Amino acid sequence: MERVTPATFIPPEIGDWFDARGWRVRRHQLEMLAMARAGRDALLVADTGAGKTLAGFLPTLCDFAPSAGPAPPDGLHTLYISPLKALAQDVKRNLLTPIEEIGLPIRVETRSGDTPSDRKKRQRERPPHILLTTPESLALLLSYEDAPRIFAGLQRVIVDEIHALADSKRGDQLMLCLSRLETLSPGLRRVGLSATVEDPPALARFLSPTGCAILTADPGPNPDIAMLETEAPPPWSGGGGRYAIPAILEQVKRHTTTLIFHNTRAQAELFFRDLWLQNEDSLPIGIHHGSLSREQRERVETAMTEGKLRAIVCTGSLDLGIDWGDVDLVIQVGAPKNVKRLVQRIGRANHRYNAPSKALLVPANRFEVVECHAALDAVRDHTLDGEPRGPGPKDVLCQHILLVACSAPFTADALYAEVSRAGPYADLTRRDFDACLDFVATGGYALAAYDRWQRLQHTNGLWHLRDPRAAAVIRQNLGTIIDTETLKVRLKSRFGGTPLGEVEEAFAATLTPGDTFLIGGEVVRYESLREMTVEVTRQPGREPKVATFNGTKFATSTMLTERILTMFQQKTWPDLPAHTAEWLALQREVSRLPQPDRLLVESFPHDGREHLAIYGFAGRNAMQTLALLITKRMEEAGLAPLGFVATDYATLIWGLEPVTDPAPLFELDALRDGLEGWLGGNAVMKRTFRATAIIAGLIERSHQGRRKSGRQATFSTDILYDTLRKYDPDHLLLRVTREEAERGLVDFSRIEDMLARVQGRIDCLRLTRVTPLAAPLFLEPSKIPVQGQGRERLVAEAAERLMRDAGLA
Amino acid sequence: MPSPMTAYAFLLAKADLIALPSGALHWPAQQTLCVSDLHLGKSGRMARRGGSLLPPYEVRATLEKLDADIDRTKPARVICLGDSFDDLAAAGELEDHARLWLARLMAGRDWVWIEGNHDAGPVEIGGTHRADLTLGPLTFRHIATPAIGEISGHYHPKARLGGTARPCFLLDADRLILPAYGHYTGGLRVEDPVLQTLMQPQALAILTGPRATPMPMPRR
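This report concerns the structure included in the present document. All figures in this text were calculated on a predicted structure; none of them were measured in a lab.

1. Here we look at the overall build of chain A
Working step 1: Looking only at helices and strands, chain A features 30 helices and 26 strands.
Working step 2: Evaluated residue by residue, chain A yields a buried proportion of 56% over its 809 residues.
Working step 3: Taking all contacts inside chain A whose residues are at least 6 apart in sequence as the whole, residues at least 24 apart take part in 73%.
Working step 4: Taken as a whole, chain A presents about 33200 Å² of accessible surface, with 50% of it coming from carbon and sulfur.

Structure representation (structure tokens):
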């Protein structure tokens, strides 16, 4: 029995409601209540099923209990933020149960991009007591002139799934918004709800830099997790785990509801199609991922909620939150890449708190058997991985300054103080803040500015929008999620056919009429492009191309990478399945296995191109940087590189000429010299710059809309990037792009560490074909093109061939 | 002057023409250089309208390119095929150094500003202003009409080959469409119905880039 103190006193009507359900208020729920009453910010870390959301809302429910005294004043009392719209809807349903059954005088509403505009208007005029929304909708609300009135009495803000938000710029933006809220309502308390993470204090500082209590729920039982045993061994290379379909169907039959996670949307599509080809019992199985149309996804979600599905093939789109009760098995197809995410996915099975979650790992190929094995060990050891978070990015700050300007004039001093109260920006220097403000106000260009080159003006000590009409455009561009350019896919019909989903524009560009591809588990035939929509017809039974989708691309954590390299050093592998042990032995026979103190480089021809595989095991960022530098040196040496792909353990470069002597490519001084010059001009930096330019407000998102209408008014951000590099190399956005690159992409110090460790011991093997270890590299997404003489040669050859074919040359 | 290796020479209405890799058109027999859609002052126009504050360097970048082409081809006549300025106010707002630079390029040359949809009306920069210009067998105007022997711009065509999209010329037996020459200009894919209808089935797309590369015009 918990001791009842004033801090943990539960109003009787709420206590009775718990009793009537046969529930007990849990320890962490009481502690959350105590923290709220002590007026402290709090972060709750708990597994799925621990009653986390209720713990977050319990203090609010208690405030409104009639027996606790007079009801709080009308107006917004508690704001709840979740990364997903659907989650807010789900929480509303769950919250309404106690509110209605206890009879609490609380109005709960949700707000997102889908909320009808008349309701949005009403919400601003008369806010509910509890508003459930997303970071983007909150940012938008804060940009309105009436924000001070809407948020004046706000008591609590609850950030759900804060661990997921902290992984991206959405989290940085949200924390800036929280500081803004605290300015508007000084008594405001911040509450974070998180799944298990490796460094709770860091997450607490992110939420509230000025002292945030950390509460941890009692852990549930250890998960029941294993590798799925199959009759057929996994292939040498290949993704998607289709070899395991019979065994997976068997598991689906034995369980009530199974979630089958894939790492990419393309793999989920291929797997789903093949699963149905073998689904002789016609088990009801659906597919769910972020590139499917909303109608398609909602249909699957509804069927799932109604218990009509036995399994769902899905991607990260189901990583978060919605409570679907009866899931009793999670299958992870493909290596989990990251132990923390694996543990969180496993938690999707069995929401009953005290029952162990059950999960099976299905490696897609032999290399992944090794990865899965390392991940299982890590889960059993209770070690979680994660990279420390860097300081808040400045492009997000620039957008926030614009947002504040939309709402009301401000002084630089006050805004700087406010921004510094956001965790990610606690260490921001005034100089950096002023640089961001200058960029927002005038563009921050070295070229002397003119009167018209002003977005913000400074009068009587206050910064304000030069043209108040600009606010509408700024609001349209709020948000930090940058979409890859995609095209909608529809069934061809005279009346605007059924929407099926979307594909990346770059993929659509490779299609010619008659080509087939997979979407939503169906094979469709490309017919035409009409008003930037891909029109297709159904074409069952044809062998499809694989569509590319911009799903989240996961990187294997450093911790897992190191475990794998260690495993390679064993003489034999009794713990691994025989087929995988044989595969590693074969690699050792035809080539070598990578060693910590040497660098293995393989060179071989494949599919008409020369390939170079470099096994550096330095992590994806460092391997990518290494690839950028090596391809530059190859370009100089006339080796005509065409592109590369980097994984956590290796880099694969392809080109027109073979590399016979790689040692000169790896000279550290030359690599370092190349870093500054080359990093600037490459495709990775341009990609980073584009995102930064959109977030910081240099270019408008709506331009993309105009592009889709087929107008020629817009141009590539690559042009802006090259222009700034040439004429204004110290510009803020270039600095931000470099910072992002250093944080996310470069990791040059790890290349230096690796080369120091290796000390010139480079083993270059010239081989006649792809090696066992290199085979999985061919499946990696995110291939990066190298623009150089190799590509020019290809363009010239392709054009000549086309001219010849057309009888024109 | 012999055409450089990187250019593409062709015949239109019996005139010997050269597509330069920069996107300019050279007509040696008439000592004429033609460029289209410079869109000078685009960043200023956007800033004036309260939109994005784009880096204000596109005038410099475009003039550098034009300067190099003029230096190479030494034309007696330069034809700017319309949309030379992003709007008429942009022409008025040109910075002094850009104005002087243009004046230097124009000195001693017959300089023709063809009116475009962005810059309809005279600009106070010198040169001749015309709706269109006929020289021998060729007519220069901003937007293509069904006329024969016509050189136009306006559409900013771009074509994709080997995974990259590049601005391109479009050429058939009767007409040539120039790519946009200006630094801040986007493109219209040649698969767009307007261009597909405008150009004859045998049309070529001549890609700009390190070299002018001809290919059959991609069809839908």
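After that view of the structure, there is still more to cover.
2. Remarks on the overall build of chain B
Working step 1: Helices and strands together make up the secondary structure of chain B, namely five helices and 16 strands.
Working step 2: Computed over the C-alpha atoms, the radius of gyration of chain B is 16 Å, within 12% of the 17 Å expected from 2.2 N^0.38 for a compact globule of 220 residues.
Working step 3: Taking the principal axes of the C-alpha coordinates as reference, chain B spans close to 45 × 40 × 30 Å.
Working step 4: Relative to its 220 residues, chain B shows a buried fraction of 62%.
Working step 5: Excluding contacts between residues fewer than 6 apart, the proportion of contacts in chain B whose partners are at least 24 apart in sequence is 64%.
Working step 6: When the accessible area of chain B is evaluated, it comes to approximately 8100 Å², of which 55% is carbon and sulfur surface.
Working step 7: Looking at chain B, you have 23 positive and 23 negative side-chain charges, and the mean spots of the two groups are 6 Å apart.

3. A look at the nonpolar core
Residue and element names in this part refer to chain A.
Working step 1: One finds L79, F151, I401, F433 and L456 to be the most contacted residues of the largest nonpolar core, which totals 91 residues.
Working step 2: Per-element tally for this core: the top contributor is helix α16 (residues 394-407), with nine residues.
Working step 3: Looking at which domains feed residues into this core, each of domain 1 (6-216) and domain 4 (591-788) gives three or more.
Working step 4: Not counting residues up to four positions away in its chain, the partners in contact with L456 are I401, A405, F410, L437, V440, A441, W463, H464, L465 and R466.
Working step 5: Ranked by size, the runner-up nonpolar core spans 59 residues in total, among them A303, L309, V369 and L777.

4. Observations concerning the pairing of strand β2 (residues 78-81) of chain A
Residue and element names in this part refer to chain A.
Working step 1: Where burial is concerned, the two faces of β2 agree: the one with T78 and Y80 and the one with L79 and I81 are both buried.
Working step 2: Note that β2 and strand β5 (residues 156-159) share four bridges and pair parallel. Paired with T78 across the two strands is R156, which belongs to β5.
Working step 3: Pairing of β2 with strand β4 (residues 130-133) involves four bridges; the strand directions are parallel. Paired with T78 across the two strands is I130, which belongs to β4.

5. Remarks on the side chain of R175 of chain B
All names here are of chain B.
Working step 1: Mapped onto the secondary structure, R175 falls in strand β13 (residues 175-177).
Working step 2: Taking the relative accessible area as the measure of exposure, R175 reaches 6% and is therefore buried.
Working step 3: At 3.4 Å, the side chain of R175 forms a polar contact with the backbone oxygen of L198.
Working step 4: When sequence neighbours within four positions are dropped, the list of residues in contact with R175 reads L12, A144, T145, P146, A147, E150, L170, L198 and M199.

6. Focus on the sheet that holds strand β23 (residues 641-646) of chain A
Residues and elements named next belong to chain A.
Working step 1: Taking strand neighbours across the sheet as the criterion, the six strands line up as β25-β21-β22-β24-β23-β26 in an open arrangement whose pairing is mixed. The two strands at the open ends of the sheet, each matched to only one other strand, are β25 (762-766) and β26 (784-785).
Working step 2: As defined by bridge partners, β23 adjoins strand β24 (residues 651-655) across five bridges and the pair is classed as antiparallel. Considered in β24, the bridge of G643 is made with W654.
Working step 3: Against the sheet, helix α23 (residues 620-636) touches β22 (609-615), β23, β24 and β26, its axis set at about 170° to β23.

7. Structural notes on the interface of chain A and chain B
The accessible area lost on association of the parts is a frequent measure of interface size.
Working step 1: Taken residue by residue, the interface counts 48 residues in chain A and 44 residues in chain B.
Working step 2: Carbon and sulfur atoms make up 62% of the surface buried where chain A meets chain B, a total of about 3800 Å² over both sides.
Working step 3: Connecting chain A to chain B are one salt bridge.
Working step 4: For the salt bridge of E64 of chain B with K726 of chain A, the shortest nitrogen-to-oxygen distance reads 2.8 Å.
Working step 5: One can count seven residue pairs in polar contact (both at pLDDT 80 or more) joining chain A with chain B.

8. What about the environment of I474 of chain A?
Working step 1: In this structure, I474 of chain A sits in helix α19 (residues 470-476).
Working step 2: Separated by 26 residues in sequence, I474 of chain A and L500 of chain A place their C-alpha atoms 31 Å apart.

9. Remarks on the packing of aromatic side chains
Working step 1: The tally for this structure, following the rule as stated, stands at 18 aromatic pairs over all chains.
Working step 2: Plain terms: the ring middles of F617 of chain A and Y649 of chain A are 5.7 Å apart, the flat faces sit at 35° to each other, and that makes the pair tilted. Taken together, the positions of F617 of chain A in the loop between β22 and α23 and Y649 of chain A in the loop between β23 and β24 put the pair 32 residues apart, joining distant regions of the chain. By the burial criterion, F617 of chain A is buried, and Y649 of chain A matches it.
Working step 3: Three or more aromatic residues joined by ring pairs make a cluster, and in this case those are F367, F568, W583, F617 and Y649 of chain A.
Working step 4: For R21 of chain A, the ring lying beneath its charged end belongs to W23 of chain A, and the centroid distance is 5.2 Å.
Working step 5: Against the face of Y181 of chain B rests K65 of chain B, its NZ or CZ located 4.2 Å from the ring centre.

Thresholds applied
Residues numbered from 1 in each chain as written. Chains lettered and ligands numbered in written order. Predicted model: local features only at pLDDT ≥ 70, side-chain atom pairs only at ≥ 80, totals over all residues. Heavy atoms only, no water. Helix = DSSP H or I, 4+ residues; strand = E, 2+ residues; numbered from the N terminus. Buried < 20%, exposed > 50% of the residue type's maximum accessible area, 1.4 Å probe, protein only. Contact = heavy atoms within 4.5 Å. Areas by Shrake-Rupley, 256 points an atom, 1.4 Å probe, with all protein chains shown as cover. Rg over C-alpha atoms; globule rule 2.2 N^0.38 Å. Lys, Arg positive; Asp, Glu negative; His and termini not counted. Charge placed at Lys NZ, Arg CZ, Asp CG, Glu CD. Core = buried A, V, L, I, M, F, W, Y, C linked by side-chain atoms within 4.5 Å. Domains from an automatic or database assignment. Pairing = 2+ DSSP bridges. Polar contact = N/O pair within 3.5 Å; in protein donor to acceptor, adjacent residues only side chain to side chain. Axes fitted to C-alpha atoms, helices over the stretch in contact; angles between N-to-C directions. Buried area = accessible area lost by both parts, 1.4 Å probe. Salt bridge = Lys/Arg side-chain N within 4 Å of Asp/Glu carboxyl O. Phe/Tyr/Trp six-rings, centres within 6.5 Å; stacked < 30°, edge-to-face > 60°. Lys NZ or Arg CZ within 6 Å of the ring centre and 35° of its normal.

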